[in-house]
Amino acid sequence: MFDPQDDRGVPISTGIPRLVIAAGIAGVVLIFIVAGMVLSSAGFGHVWPAEDSTNIKL
């Protein structure tokens, strides 16, 4: 489909494909899921405050 007002025959954009929009939304959702998983497991295996780390039994 071409722009009828342009003599050069420039094609009319159909917009962003639905697959690209869906992939973008899925990517943003995945970023939040991974960030949530990282934050939920951040405390596992760590000793806070750092001064208490010398008292860990190895």
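Report follows, based on the coordinates. Since the structure is predicted, the reported quantities are computational estimates derived from the model, not experimental observations.

Basis of the calculations
- Residues numbered from 1 in each chain as written.
- Predicted model: local features only at pLDDT ≥ 70, side-chain atom pairs only at ≥ 80, totals over all residues.
- Heavy atoms only, no water.
- Helix = DSSP H or I, 4+ residues; strand = E, 2+ residues; numbered from the N terminus.
- Buried < 20%, exposed > 50% of the residue type's maximum accessible area, 1.4 Å probe, protein only.
- Areas by Shrake-Rupley, 256 points an atom, 1.4 Å probe, with all protein chains shown as cover.
- Patch = residues over 30% accessible without salt bridge, like charges linked within 9 Å, V, L, I, M, F, W, Y side chains within 5 Å.
- Salt bridge = Lys/Arg side-chain N within 4 Å of Asp/Glu carboxyl O.

## Regarding the overall build of the protein
At step 1: Counting its secondary structure elements, the protein contains one helix and zero strands.
At step 2: Within the span of the protein, comprising 58 residues, buried residues form 0% of the whole.
At step 3: Total accessible area computed for the protein in this model is approximately 5700 Å², and 70% of it derives from carbon and sulfur atoms.

## What about a nonpolar patch on the surface?
At step 1: On the surface, Ile16, Val20, Ile21, Ile25, Val29, Leu30, Ile33, Val34, Met37 and Val38 cluster together into a nonpolar patch covering about 930 Å² of accessible area.
At step 2: When its relative accessible area of 58% is taken as the criterion, isoleucine 16 is described as exposed.

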